[in-house]
Amino acid sequence: MSALDFSTKIGSKRFSNPIFTASGCASSGQELSQFFPLTEIGAIVTKSIMVKARTGRATPRMAETPSGMLNSIGLQGPGIDTFLEKDIPWLVEQQAKVIVSIAGESVDEYGVLARRLRSVPGISALEVNISCPNVENRGQVFACNPDTATAVIEAVRRNIGGELPIVAKLSPDVTDIVEIAGAVINAGADGLALINTLLGMVIDTNTMKPKLAGKTGGLSGPAIRPVAVRIIYQVHQAFPNTPIVGMGGVASGRDALELILAGASAVSVGTATFGNPKAAFDIKNQLEMLLLEKGFTDFRDAIGFAHRGI
Ligand code: RRO
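Here goes a summary of the coordinates provided. Everything numeric in this text was worked out from a predicted model, so none of it was measured. (Residues numbered from 1 in each chain as written. Predicted model: local features only at pLDDT ≥ 70, side-chain atom pairs only at ≥ 80, totals over all residues. Heavy atoms only, no water.)

### Side note on the environment of Ala 22
So, step 1. Relative to the elements of secondary structure, Ala 22 occurs in the loop between strand 3 (19-21) and strand 4 (44-45).
So, step 2. Look at Ala 22 and you get buried, because its relative accessible area is 8%.
So, step 3. C-alpha separation for the pair Ala 22 and Thr 271, spaced 249 residues apart in sequence, amounts to 8.3 Å.
So, step 4. Discounting residues that sit within four places of it in the chain, Ala 22 has contacts with Val 45, Ser 268, Val 269 and Gly 270. (Helix = DSSP H or I, 4+ residues; strand = E, 2+ residues; numbered from the N terminus. Buried < 20%, exposed > 50% of the residue type's maximum accessible area, 1.4 Å probe, protein only. Contact = heavy atoms within 4.5 Å.)

Structure follows, in structure tokens:
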């Protein structure tokens, strides 16, 4: 038996370890399950689901960048009906812990999704994605304004009831992330997912045109890790009792530890999965070894360690 208590909590829910998938990088986990049992990681965070099925943006919708990549998927997905009929029962059968990510085009749509998910068994938390960079209308990036962010989280809280933890996923593309974090916590968020991708753009110097059909896209991968560390650190300092699910360029146990020391209670692995489908499983094992090497017996003692004694 390991000498480390590796469990973590988000709101009222406990997870056996703090390594999760990142929304959007492994759909609902079906493809990953051929590489490792999904019960080996703390939770599967599903691709943000919308009310209706959606094909997403035109291709090309991915481009490589230095130490990262741009995506412009545009919320492709089957819609909530098919998701509830197929994806959730499959995940429950796998005995995976599930965090369902939702996205809407309006405040009302978030409310509708929360109501549909309200009494579905087998869900551990809701990630409320208010920060997709690839929407047609920047006014739909609800997380860029404290009032719109508040309206969405209040609508989800009203419709989901008191039981399921709400994790608000925020955008790094704001001047004052602490202000937005405070707004969503006041509105009823139990936790925060930090960070979504940064809005970026690549121009092909041969064709002299944007590489992505959607022109702009979300930047992810190791290039953004220092931004994630800075934001997690600032938000944990301001709200030390609010759990943070950290993500942004984590490709090793050491990278995960960096986000945890900044203040993350769990870490999601996204872009690294494209190069190594076992990334989340490997990172979980690397992190466990590293924490033991550093003398931790309880994972939770490492959360926010970089703040101590400063
Ligand atoms: O689907 C996407 O294009 C997408 C989403 Br919902 C998101 O939250 N972040 C991102 O980089 N891409």
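### A word on unusual backbone geometry
So, step 1. With omega at -5°, the peptide bond leading from Thr 59 into Pro 60 counts as cis.
So, step 2. The step from Leu 194 to Ile 195 runs through a cis peptide bond, and the omega angle for that step is 20°.
So, step 3. You can see Ile 195 is positioned in the loop between strand 10 (191-194) and strand 11 (198-201).
So, step 4. With a phi close to 60°, Gln 95 is a non-glycine residue in the positive phi region.
So, step 5. Here Gln 95 is to be found in the loop between helix 1 (80-93) and strand 7 (98-102).
So, step 6. Judged by its relative accessible area of 65%, Gln 95 falls in the exposed class.

### Describing the pattern of salt bridges
So, step 1. Applying the stated criterion to the full structure yields 11 salt bridges.
So, step 2. Between Glu 105 and Arg 54 there is a salt bridge; the shortest N-O distance is 2.8 Å. Of this pair, Glu 105 sits in the loop between strand 7 and helix 2 (107-117) while Arg 54 sits in the loop between strand 4 and strand 5 (62-65), and the two are 51 residues apart along the sequence.
So, step 3. Arg 54 gets classed as partly exposed once you look at its relative accessible area, which sits at 26%.
So, step 4. In this structure, Arg 157 engages Asp 190 in a salt bridge whose closest nitrogen and oxygen atoms are separated by 3.0 Å. Of the two residues, Arg 157 sits in helix 3 (residues 146-160) while Asp 190 sits in the loop between helix 4 (177-186) and strand 10, which places them 33 residues apart along the sequence.
So, step 5. Salt bridges here are not isolated pairs; linked through shared partners, they connect Asp 5, Asp 298 and Arg 300. (Salt bridge = Lys/Arg side-chain N within 4 Å of Asp/Glu carboxyl O.)

### Things to note about the pairing of strand 11
So, step 1. Taking every second residue as pointing to the same face, the buried face of strand 11 carries Leu 198 and Gly 200, while none of Leu 199 and Met 201 on the other face is buried.
So, step 2. Here strand 11 runs beside strand 14 (residues 216-220); their pairing, made up of four bridges, is antiparallel. Directly across from Leu 198, in strand 14, lies its bridge partner Leu 219. (Pairing = 2+ DSSP bridges.)

### Some thoughts on the pairing of strand 10
It is a general feature of regular strands that their side chains alternate between the two faces of the sheet.
So, step 1. Side chains of strand 10 alternate between two faces, with Gly 191 and Ala 193 and Leu 192 and Leu 194 buried alike.
So, step 2. As judged from the three bridges shared by strand 9 (residues 166-169) and strand 10, these two strands associate in the parallel manner. Residue pairing for strand 10: Val 167 is matched across the bridge by Gly 191.
So, step 3. Of the crossover connections in this fold, the one passing from strand 9 over helix 4 to the parallel strand 10 is right-handed.
So, step 4. Looking at chain direction, strand 10 and strand 15 (residues 244-246) are connected through three bridges and run parallel. By the bridge assignment for strand 15, Leu 194 is matched with Gly 246. (Right-handed = clockwise from strand over helix to strand, strands pointing away.)

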